[in-house]
Structures are given as C-alpha cells and as structure tokens.
Amino acid sequence: MTVLGLDTSNYTTSAAVYDGRKGRNVSRLLEVRPGERGLRQSDALFQHVKRLPELLEQLAAGDMLSGLLAVGASTRPRAVEGSYMPCFLAGESQGRGIAAALGVPFYTHSHQQGHLAAAAWSAGRLDLLDAPFLAWHLSGGTTELLLVRPEGWTVTAEIIGGTSDLSAGQLIDRTGVLLGLQFPAGKAMDELYIQADACYEPRVKLNDLTFSLSGMENQVKALIEEGEKPANVARFAIDAISNVVWRATQEAQRRCPGWPVLCSGGVASNSRLRVGLEHLCGAIFAEPQYSTDNAIGAAVLTWRAAQAEEIL
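Here we summarise the structure given alongside this text. (Residues numbered from 1 in each chain as written. Predicted model: local features only at pLDDT ≥ 70, side-chain atom pairs only at ≥ 80, totals over all residues. Heavy atoms only, no water.)

A look at the pairing of strand E8 (residues 154-163)
Then comes step 1: When strand E7 (residues 143-151) meets E8, the two strands line up antiparallel, connected through 8 bridges. Paired with arginine 149 across the two strands is threonine 156, which belongs to E8.
Then comes step 2: Here E7 folds back onto E8, and the loop between the two strands holds 2 residues, one of which, glycine 152, carries a positive phi near 65 degrees. (Pairing = 2+ DSSP bridges. Helix = DSSP H or I, 4+ residues; strand = E, 2+ residues; numbered from the N terminus.)

Structure follows, in structure tokens:
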C-alpha cells in the first residue's frame, strides 16, 4: 500500500511514493540559462508540465505506482492565506487528475510543510511532527525561523524570525553567479569554502530574531571588485549566513528551552552551517538529498492524512 506525493517548486520537479516506512523520490532540476539568477514563473510552470510525466514514468517502470491509495501535492509555498506561486499548479493539477482517475483521495499541503515532514522523516524523527519544535527553513526563496506545532495529521508553522530581505539561498546563489558559477550555486560554493585562506568574520546585525542580508550582498560585490580570491568571497558569504543563523538559534532556544531544532531546505545542507548548528544545539538535519526540494514530504503527509481518515 503506497501513496504518491508531488512537488513542483520554482527550481525542482519531484514525485515520490511512500508506504508508511520506506520512500522513493525522483526529481529533476529546472534548467536555468548560464549567467541568469533564476526563472520566471511561466518558464518554471512550462518545464514542470513537461517533466512531471517523465518522473511518473520512472516510478511506474519500477512498479511503484500500482495500488495507490491516495495522492497529495504541494499547492502553495506556505499554509497561510494569500500564499501562492503559479509553479505549484503543475503538481496540483496532475495530482488531482491522477486521484480522480483512480478514485482515491487527494490531499493538499504547503511546500514548507513538505520540507518539515521530509526533514523529520529522513532524520528518523517523524515523532517531531507530534509535538512543538523550532525549525529553520533555509532555501533559495526562504530563510525563516519557525515555531512549529502539530495540527492533526500535519503541522502549523509560525514565522518568528529570519531574513527581512534576501534569503540565505539568494545570497549564496547571487554570490556564485558573480563568481562565474552555475546557478544554483550552493554545492559549488560549499566546495570553494574549504579552499579559502582568509577570514573576514562578517557580522550581520540581529534585531530580535530578524536580520537583513542585503548589506552582505553589497560587501560581496565590493570584495570581487577589489580582486579578492573566489574562495575567500565564498567563505565571506557563507560565514555571514552561518554566524547570524547560529545567534538567532541561540536566542530562540533561550525563549523555548529544550525544544528540538529541525533544519530543512537546500541551504541547510551547507557543511559549515550544519556543523555549527549540530555543535551549538544538537540540531536535527534532513539527509542531504532531502534537504533540497523534494516530494517525499508531500508523500509522508499524504500517508498521515490517509491514515488519520482510516483510508489505509
């Protein structure tokens, strides 16, 4: 007995199956032209519509789509009123169509809820979804510190901190593009970091639990114009993000003592950030392949929904 989950974010097309214990995710990054820093929503939607059937065919070839009992999809960035992004229409429309053809329920989730569920599942800590915890959602479009509480089979997430402008992923990707790296640049920036031979110790101002990264982008541009080594520029950007995230986490834990900290999103796979948070508070991380955008979280939540409604 399995369920199907779909996620069509701004940079990744994903489909996943889950049987209550094991899961399989298949995905493809959307194509971004060299030198560009992102995609228009219309272009992202077009690529999703083309690629989602290919991913479903991969799962079908492995006999993973037989006997589906429910289908779910990420339909919006966050589970709040007004949260909308056209690229999620691809997964929602195909998911609804599959569910209708099979005569099974269709469940909707937010992209953020999927990240949290994927992180908890891949870390072997699905129990986190049944009690309050703190979470970082660190991605190309989001840098949010969340207060997460269980709500039935899913979770609610309240933003209590994070960036007021650029996301951590945007700073990393924009720095990478300025250095001539392919977008998205997270992995290449991580590799550059270990080659650095200078440390600038950037200090981002923390206001309550909120901070701004736009000034760091200006400093990155200045370093490049001054001829600084690419590895040292990469280290500057990553250190700026890591240091302020660590300080915000310490303050949040002071307010919520003993609460676990779960980290999800593509930026959470950065090795510098991860080591620091593990040392600081024993933070729990998704496996690297489930830190980036994926559909396993949507599949896990779909399973929990179907189980709660006694469909399984």
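Quick look at the environment of lysine 22
Then comes step 1: Position of lysine 22 relative to the elements: it lies in the loop between strand E2 (12-18) and strand E3 (23-29).
Then comes step 2: Note: C-alpha distance between lysine 22 and serine 122 (100 residues apart in sequence) is 9.8 Å.
Then comes step 3: Setting aside residues no more than four positions away along its own chain, lysine 22 makes contact with Val17 and Trp121. (Contact = heavy atoms within 4.5 Å.)

Some remarks on the environment of arginine 274
Then comes step 1: Tracing the chain through its elements places arginine 274 in helix H8 (residues 271-281).
Then comes step 2: Considering only alpha carbons, one finds arginine 274 and tryptophan 246, 28 residues apart in sequence, at a separation of 9.9 Å.
Then comes step 3: With near-sequence residues (within four places) excluded, arginine 274 lies in contact with Ala268, Phe285, Ala286 and Pro288.

Examining the packing of helix H1 (residues 41-61) against helix H2 (residues 88-102)
Then comes step 1: Put simply, H1 and H2 touch, their axes get as near as 9 Å, and they point 40 degrees apart. Taken as axis vectors, H1 and H2 run oblique relative to one another. Taken as a pair, H1 and H2 cross one another with a handedness that is right-handed. For the pair formed by H1 and H2, the contact residues are Leu45, His48, Val49, Leu52, Pro53 and Leu56 on the first element and Leu89, Ala90, Gly91, Gln94 and Ile98 on the second.
Then comes step 2: The residue makeup of the contact of H1 with H2, split by class, is 8 nonpolar, 3 polar and no charged. (Axes fitted to C-alpha atoms, helices over the stretch in contact; angles between N-to-C directions. Parallel < 35°, antiparallel > 145°, perpendicular 65-115°, else oblique. Left-handed = near helix turned anticlockwise from the far one by under 90°. Nonpolar A, V, L, I, M, F, W, Y, C, P; charged D, E, K, R; others polar.)

Quick notes on the side chain of threonine 142
Then comes step 1: On the secondary structure map, threonine 142 appears in the loop between strand E6 (133-138) and E7.
Then comes step 2: If we skip the residues at most four places from it in the chain, threonine 142 touches His137 and Ser167.

A closer look at the pairing of strand E4 (residues 68-76)
Then comes step 1: The buried fraction of E4 is high, at 7 of 9 residues.
Then comes step 2: Note: strand E1 (residues 2-8) against E4, 5 bridges, orientation parallel. If you follow threonine 2 over to E4, its bridge partner there is leucine 68.
Then comes step 3: Where E4 and strand E5 (residues 106-110) come together, 5 bridges link them in parallel fashion. When the bridges of E5 are listed, arginine 76 appears paired with serine 110.
Then comes step 4: Assessed by its sense of winding, the connection that carries the chain from E4 through H2 to E5 is right-handed. (Buried < 20%, exposed > 50% of the residue type's maximum accessible area, 1.4 Å probe, protein only. Right-handed = clockwise from strand over helix to strand, strands pointing away.)

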